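The residues making up each chain are set out below.
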Amino acid sequence: MNRIDVIKSDQDKLIKRYKDLIEQAYNVRQTDSALSDISEYKAIKLLNKLHRLNFLSRK
């Protein structure tokens with residue numbers, strides 16, 4: 001596997017995790033705002049990682 005394939009694989013995993021965190025934040029927004037904020041914060045950090053990986057994998 002070359003470097004770009006590894007980066008694409010990591011991106012797919014991070015995208016799935018990002019979507020899960022955003023969904024969790026949305027689902028608990030009304031019942032537990034602290035947990036919602038934590039999930040959103042983690043999702044934002046993952047999004048920053050995704051942007052860095054996009055930069056590395058561009059041609």
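Keep in mind that this is a model prediction, so the values were computed, not measured.

Caption draft 1: Highlighting the overall build of the protein. Along its length, the protein carries two helices and zero strands. Taking 59 residues into account, the globule formula puts the C-alpha radius of gyration at 10 Å, and the protein, at 14 Å, lies well above it. Counting only C-alpha atoms and orienting by the principal axes, one finds that the protein spans roughly 45 × 15 × 10 Å. Contacts in the protein between residues at least 24 apart in sequence constitute 63% of all its contacts with a sequence separation of at least 6. In the structure as shown, the protein presents an accessible area of about 4,800 Å², 55% of it carried by carbon and sulfur atoms. Here the protein holds 13 positive side-chain charges and 8 negative ones, and the gap between their average locations is 8 Å.

Caption draft 2: Representation of the pattern of salt bridges. Throughout the structure, instances matching the rule amount to two salt bridges. Its salt-bridge partner being lysine 16, residue aspartate 20 comes within 3.2 Å of it at the nearest N-O pair. In this pair, aspartate 20 and lysine 16 are both assigned in helix α1 (residues 3-27), four residues apart and thus about one turn of the helix distant. On the basis of relative accessible area, lysine 16 is assigned to the exposed category, the value being 54%.

Caption draft 3: Spotlight on the side chain of glutamine 11. When you line up the elements, glutamine 11 lands in helix α1. Glutamine 11 gets classed as buried once you look at its relative accessible area, which sits at 6%. Here glutamine 11 is in contact with Leu50, Leu53, Asn54 and Ser57, once residues within four sequence places are set aside.

Caption draft 4: Region of the structure containing the environment of leucine 46. Topologically, leucine 46 is positioned in helix α2 (residues 33-57). Along the primary structure leucine 46 and tyrosine 18 are separated by 28 residues, whereas in three dimensions their C-alpha atoms are 6.3 Å apart. If sequence neighbours within four positions are ignored, leucine 46 has contacts with Leu14, Arg17, Tyr18 and Leu21.

What counts and what doesn't
Residues numbered from 1 in each chain as written. Predicted model: local features only at pLDDT ≥ 70, side-chain atom pairs only at ≥ 80, totals over all residues. Heavy atoms only, no water. Helix = DSSP H or I, 4+ residues; strand = E, 2+ residues; numbered from the N terminus. Rg over C-alpha atoms; globule rule 2.2 N^0.38 Å. Contact = heavy atoms within 4.5 Å. Areas by Shrake-Rupley, 256 points an atom, 1.4 Å probe, with all protein chains shown as cover. Lys, Arg positive; Asp, Glu negative; His and termini not counted. Charge placed at Lys NZ, Arg CZ, Asp CG, Glu CD. Salt bridge = Lys/Arg side-chain N within 4 Å of Asp/Glu carboxyl O. Buried < 20%, exposed > 50% of the residue type's maximum accessible area, 1.4 Å probe, protein only.

By themselves, these figures tell us nothing about what the structure is for.
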